Amino acid sequence: MNKPMNKKRQKGSKPVIDEIEVAGKNLRDEALKYMKVRNYTKALGLYDQALEMNNNDQNALVARSRCFLQLGEPGKALQDAETALVLDKNNIRAIYQKAEALYYLGQFEHSLMFFHRGLRLRPELASFRLGVQKTQEAIENTIGNNTKNQPQKKPTKVEKPKTAKRNQLSREELEKRASRRLLGDLYIDKEYLENLIKHPDLRKADTNTEGVSEYAKDAINFLNNRQEFWRQQKPCTSLNAKKINGANGMLPRWL
């Protein structure tokens, strides 16, 4: 007697779930109409209703995160994006919303890492490329302002034999040219990240839960792997890698 009842309950639960999903979608669609006319307060109320019906609605979480940003509340936007990422760590829209929220909170280093994470997952999306560019500019402006306020120290001159210096520079130049030709526009990102992890102020951005340095190293490893892939596909563009790294022909590992 109990088994047939359980089956009926299981069968009867699916229409209820479908009704909730349909109702949630209708609320999101209605909210989107208000977003388009910039009535963000009305849209926020509808997203709240959708999440009251189903607090695991990732689409509603991401959409409400965007709405919070428009209302000038990046802290709440970040919270919704992080909740969506707990449900699905590869939710590309949630990754973008988290990067945007961190940017507006002034946490540029963390924002940069999440824009790079999205770019790794979906390299064809221009929004992540633009996000990387604007966060890099923000970091450079911040670092530039800090260095202006600090007393400038004259660099200590170190005398080196001219022949040794010439050989060292030529090797570095060959490495840069090989990497630049293999990676194309991505070489700028790689060079920026390599300089970023060397910056002494980067440790201040690391927290107990998230380390910006680790995100940066992860992004550099991704670019190194991509560089090695293109080197194997186009060995002629590596500028005679054997001369750079010896007989094995392998490109150098930075990490």
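Per an unreviewed UniProt entry, the protein goes by the name Outer dynein arm-docking complex subunit 4 and belongs to Anopheles coluzzii. Turning to the protein, the UniProt record has this under Subcellular location (unreviewed entry): "Cytoplasm, Cytoskeleton, Cilium axoneme".

A. Representation of the UniProt feature "repeat: TPR" (unreviewed entry) in the protein. The positions UniProt marks with the feature "repeat: TPR" (unreviewed entry) are residues 24-57 and 92-125. The span residues 24-57 is 79% helical and 0% strand by assignment, and the distance between its end C-alpha atoms comes to 8 Å.

B. Quick look at the packing of helix H2 (residues 40-53) against helix H3 (residues 58-70). Running from amino to carboxyl end, H2 crosses H3 at an angle of 155 degrees, the nearest separation of the two axes being 10 Å. In terms of orientation, H2 lies roughly antiparallel with respect to H3. In the crossing of H2 with H3, the sense of the turn from one axis to the other is left-handed. Only Ala60, Leu61, Ala63, Arg64, Cys67, Phe68 and Gln70 of H3 make contact with H2, whose side of the interface consists of Tyr40, Ala43, Leu44, Tyr47, Asp48, Ala50 and Leu51.

C. Looking closely at the pattern of salt bridges. By the definition in use, this model includes eight salt bridges. Across the pair Asp29 and Lys25 runs a salt bridge whose closest N-O atoms are separated by 2.9 Å. One end of the pair is Asp29 and the other is Lys25, both in helix H1 (residues 2-36) and four residues apart, which spans about a single turn. Taken together, the shared-partner salt bridges in this structure form one network comprising Asp48, Arg64 and Asp80.

D. Quick peek at the side chain of His116. Tracing the chain through its elements places His116 in helix H6 (residues 108-121). Excluding its chain neighbours within four sequence positions, the residues that come into contact with His116 are Val132, Gln136, Asp189 and Leu193.

E. Focus on the side chain of Lys98. In this fold, Lys98 is placed in helix H5 (residues 92-104). Within the structure, Lys98 has its side chain in polar contact with the side chain of Glu82 (distance 3.4 Å).

F. Just helix H4 (residues 74-87), in detail. Here H4 is 14 residues long and its end C-alpha atoms lie 20 Å apart, about the 20 Å a rise of 1.5 Å per residue gives. Within the span of H4, buried status applies to Pro74, Ala77, Leu78, Asp80, Ala81, Ala84 and Leu85. What you see down the axis of H4 is that its buried residues fit within an arc of 165 degrees, all on one side. For H4, the exposed residues lying more than 90 degrees away from the buried face are Gln79 and Val86. Here the buried face of H4 lies against H3 and H5.

G. Summary view of unusual backbone geometry. Despite not being glycine, Arg38 shows a phi value in the positive range, around 65 degrees. Looking at the element boundaries, Arg38 is found in the loop between H1 and H2. Residue classification places Arg38 among the exposed residues on the basis of a relative accessible area of 67%.

H. The packing of H6 against helix H9 (residues 186-197), seen in detail. Following both chains from N to C, one finds H6 and H9 inclined at 145 degrees, their axes separated by 13 Å at the closest point. Where H6 crosses over H9, the two elements pack in a sense that is left-handed. Touching Leu112, Met113, His116 and Leu119 of H6 are Asp189, Tyr192, Leu193 and Leu196, all from H9. Class assignment for the residues of the contact of H6 with H9 results in six nonpolar, one polar and one charged.

I. Examining the nonpolar core more closely. Within the largest apolar cluster, 46 residues are counted, with the highest numbers of intra-cluster contacts made by Tyr47, Cys67, Leu112, Leu193 and Leu196. Composition of this core by domain shows at least three residues from each of domain 1 (19-141) and domain 2 (169-231). Residues contacting Leu193, with those up to four places away along its chain left out, are Leu112, Met113, His116, Ala216, Ala219, Ile220 and Leu223.

Rules used throughout
Along every chain, residues carry numbers that run from 1 in the direction the sequence is written. In view of the model being predicted, local features appear only for residues whose pLDDT reaches at least 70, and side-chain atom pairs are presented and counted only at 80 or more, with totals across whole chains, interfaces and linings using the full set of residues. Side-chain measures here rest on the full set of heavy atoms in the structure, leaving out hydrogens and waters. UniProt positions are given in the numbering used here, feature names are shortened, and annotations may be inferred rather than shown by experiment. Helix and strand assignments follow DSSP, with helices taken as H or I runs no shorter than four residues and strands as E runs no shorter than two, numbered in order from the N terminus. For every element, the axis is a line fit to its C-alpha atoms; helices are fit only across the contacting stretch, and the angle between N-to-C directions ranges from 0 to 180 degrees. Roughly parallel means an angle under 35 degrees; roughly antiparallel, over 145; roughly perpendicular, 65 to 115; everything else is oblique. In this scheme, a crossing is called left-handed if the near helix is turned counterclockwise away from the far one by less than a right angle; it is called right-handed if the turn is clockwise. In what follows, residue pairs with any heavy atoms lying within 4.5 Å of each other are defined as contacts. A carboxyl oxygen of Asp or Glu within 4 Å of a side-chain nitrogen of Lys or Arg is what we treat as a salt bridge. Polar contact criterion, stated in full: a pair of N or O atoms within 3.5 Å, where within protein one must be able to donate a hydrogen and the other to accept it, and residues adjacent in sequence count only if both atoms are side-chain atoms. By this rule the span expected of a helix is its residue count minus one, scaled by 1.5 Å. For the exposure calls, accessible area comes from a 1.4 Å probe over protein chains only, and a residue counts as buried if that area is under 20% of its type's maximum, exposed if over 50%, partly exposed in between. Our arc is simply the arc of the directions from the helix axis toward the C-beta atoms. Under this grouping Gly is polar, as are all residues other than the nonpolar Ala, Val, Leu, Ile, Met, Phe, Trp, Tyr, Cys and Pro and the charged Asp, Glu, Lys and Arg. Grouping buried Ala, Val, Leu, Ile, Met, Phe, Trp, Tyr and Cys residues that are joined through side-chain atoms within 4.5 Å yields what is termed a nonpolar core. How far each domain reaches was decided by an automatic or database domain assignment.

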